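Chain residues, written in single-letter form:
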Amino acid sequence: MDDINLMSAALLRVEIQKKNIGVEEATRAYLERIEKYDQPSGLNTVAEINEAAIEQARRLDSAKTGQDSLLFGLPILVKDNIDVQGLHTTAGSLALSDNI
């Protein structure tokens, strides 16, 4: 099977629906990639990671409904100018560094 990080979203969705790949497995693959490439390089392209991501992925793996939705189980990055419950919304501004 292809490396999860190289799969298109459409293919990853199909593999998750078929249960060939777990949502937790996909989430871990993306988190490992961020840790490997983004943090050590100092790029800081990912400002914050949801600490509950693995827990949420596990819940999705055991979900009985909703698996037919278009984005079910796909890990996503959200730009920090979009409000996400529990995460910082700074729009890259130090003035908003405490805005959650």
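In case you missed it, the structure is sitting above this.
Residues numbered from 1 in each chain as written. Predicted model: local features only at pLDDT ≥ 70, side-chain atom pairs only at ≥ 80, totals over all residues. Heavy atoms only, no water.

Asks: Mind laying out the pattern of salt bridges, listing which residues take part and the relevant values?
Replies: With the rule as written, the count across this model stands at 3 salt bridges. When the shortest N-O distance is used, the salt bridge between Glu-24 and Arg-58 registers 3.3 Å. You can see Glu-24 sitting in helix α2 (residues 23-41) and its partner Arg-58 sitting in helix α3 (residues 53-61), a full 34 residues away along the chain. Since its relative accessible area comes to 44%, Arg-58 is described here as partly exposed. A salt bridge links Arg-59 to Glu-55, with the nearest nitrogen and oxygen atoms 2.9 Å apart. Of this pair, Arg-59 and Glu-55 are both found in helix α3, 4 residues apart, which corresponds to roughly one turn of the helix. You can call Arg-59 partly exposed: its relative accessible area is 48%. Classification of Glu-55 by relative accessible area gives partly exposed; the value is 48%. (Salt bridge = Lys/Arg side-chain N within 4 Å of Asp/Glu carboxyl O. Helix = DSSP H or I, 4+ residues; strand = E, 2+ residues; numbered from the N terminus. Buried < 20%, exposed > 50% of the residue type's maximum accessible area, 1.4 Å probe, protein only.)

Asks: Talk me through the environment of Gln-17; I want residue IDs and the actual numbers.
Replies: Structurally, the position occupied by Gln-17 is in helix α1 (residues 9-17). Taking C-alpha positions, Gln-17 is 21 Å from Leu-77, a pair spaced 60 residues apart along the chain. Filtering out sequence-adjacent residues up to four positions away, Gln-17 remains in contact with Gln-67 and Asp-68. (Contact = heavy atoms within 4.5 Å.)

Read these as spatial facts, not as claims about activity.
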